[in-house]
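Results of the structural survey
Listed here are the chains, written in short residue letters.
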Amino acid sequence: ISEKARANLKAFSRAWLLDHVNPYTGLPLAHDPVLATLSLVNEEFLVIAWGRAPELIPRYRARFLEWKAAKGLPEGDEASFPAFLSEIEGDLFRDLRAFVKDELGVRCPVVTTAADSRGLDPDRGTIGDVVDAHGYYAHPSFPVTPWQLPARFSLGSPIREEAVLPRNRFPLRLTDRPFTVSEIA
């Protein structure tokens, strides 16, 4: 939603991928085979996160009005807001993928974000070179305060439960590209 923020992200990415040199190969990270994949965003889906920064809400709402006008949608149409967010996120992913691949010369496959959210945007997985998912069988829960001890863990057996984690992640794959599960516990 902010061209200044996008430019800042690109400047950071350029510095990280081109200025960091592997001392063993002498190659910048963008060209080094040490990177198996490059994830553009980790688990921050715009459809879920757009309202977390209250100061940005007016920007999203104004841009949504412009988007509706350009598409000939009625001004009072709120049902298309998720489609609007999905479209601007897809545009960002396309732009960032082109930037890292074409401008910076990144050689490894690019992942847009975890495919767990593809139900929110069926096309999201088609932008990256690889479809990636995250899955947590025994993710901790925090019964008192979020992300603070005490924590509770499942002691069940994933095998006894018919491999529920991989079984629930495989439908996220696309048949025309590699599929990975980069976070699993």
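Residues numbered from 1 in each chain as written. Predicted model: local features only at pLDDT ≥ 70, side-chain atom pairs only at ≥ 80, totals over all residues. Heavy atoms only, no water.

**Concerning the packing of helix α3 (residues 57-71) against helix α4 (residues 81-103)**
In the contact formed by α3 and α4, the axes pass within 10 Å of each other and the chain directions differ by 95°. Compared by their axis directions, α3 and α4 come out roughly perpendicular. For the pair α3 and α4, the contacting residues are Tyr60, Arg61, Arg63, Phe64, Trp67 and Lys71 in the first and Phe81, Ala83, Phe84, Leu85, Glu87 and Ile88 in the second. Across the contact of α3 with α4, the residue classes tally to 8 nonpolar, no polar and 4 charged. (Axes fitted to C-alpha atoms, helices over the stretch in contact; angles between N-to-C directions. Helix = DSSP H or I, 4+ residues; strand = E, 2+ residues; numbered from the N terminus. Parallel < 35°, antiparallel > 145°, perpendicular 65-115°, else oblique. Contact = heavy atoms within 4.5 Å. Nonpolar A, V, L, I, M, F, W, Y, C, P; charged D, E, K, R; others polar.)

**Digging into the pattern of salt bridges**
Side chains that differ in sign of charge can pair as their charged atoms come close. With the rule as written, the count across this model stands at 10 salt bridges. Measuring nitrogen to oxygen at the nearest pair gives 3.6 Å for the salt bridge that ties Asp91 to Arg94. In this pair, Asp91 and Arg94 both sit in helix α4, 3 residues apart, roughly one turn of the helix. When the shortest N-O distance is used, the salt bridge between Asp129 and Arg97 registers 2.5 Å. Linking Asp129 in the loop between β2 (110-111) and β3 (131-135) with Arg97 in helix α4, this pair joins segments that are 32 residues apart in sequence. Of the residues examined, Asp129 reaches a relative accessible area of 23% and is grouped as partly exposed. The exposure class of Arg97 is partly exposed, given its relative accessible area of 24%. (Salt bridge = Lys/Arg side-chain N within 4 Å of Asp/Glu carboxyl O. Buried < 20%, exposed > 50% of the residue type's maximum accessible area, 1.4 Å probe, protein only.)

**What about the nonpolar core?**
Leu17, Leu38, Leu40, Val100, Leu104 and Val106 are the most contacted members of the largest nonpolar core, which has 16 residues in total. A total of 4 residues in this core trace back to one element, the largest contributor, which is α4. The residues touching Val100, leaving out its near neighbours within four places in the chain, are Leu17, Leu38, Leu40, Gly105, Val106 and Val110. (Core = buried A, V, L, I, M, F, W, Y, C linked by side-chain atoms within 4.5 Å.)

**Here we look at the packing of aromatic side chains**
Tallying each qualifying case throughout the model produces 9 aromatic pairs. Where Phe64 meets Trp67, the ring centres are 6.0 Å apart and the plane angle is 25°; that geometry is what we call stacked. Highlighted residues: Phe64 and Trp67, both in helix α3, separated by 3 residues, approximately one helical turn. There is no split in this pair, since Phe64 and Trp67 are both buried. Here the aromatic rings of Phe170 and Phe179 are separated by 6.4 Å at their centres, their planes lie at 70°, and the arrangement is edge-to-face. According to the relative accessible area criterion, Phe170 is partly exposed, its value standing at 43%. (Phe/Tyr/Trp six-rings, centres within 6.5 Å; stacked < 30°, edge-to-face > 60°.)

**Things to note about the pairing of β3**
The side chains of a regular strand alternate between both faces of the sheet. Burial within β3 is extensive, with 5 of its 5 residues counted as buried. Going residue by residue along β3, you find Val131, Ala133 and Gly135 tucked away on one face and Asp132 and His134 tucked away on the opposite face as well. Of the strand pairs in this sheet, β3 and strand β4 (residues 179-184) are connected by 5 bridges, and their pairing is parallel. When the sheet's bridge partners are listed, Gly135 is paired in β4 with Ile184. With respect to chirality, the unit in which β3 leads through helix α5 (residues 164-169) into the neighbouring parallel β4 is right-handed. (Pairing = 2+ DSSP bridges. Right-handed = clockwise from strand over helix to strand, strands pointing away.)

The values reported here are purely geometric and, on their own, carry no functional implication.
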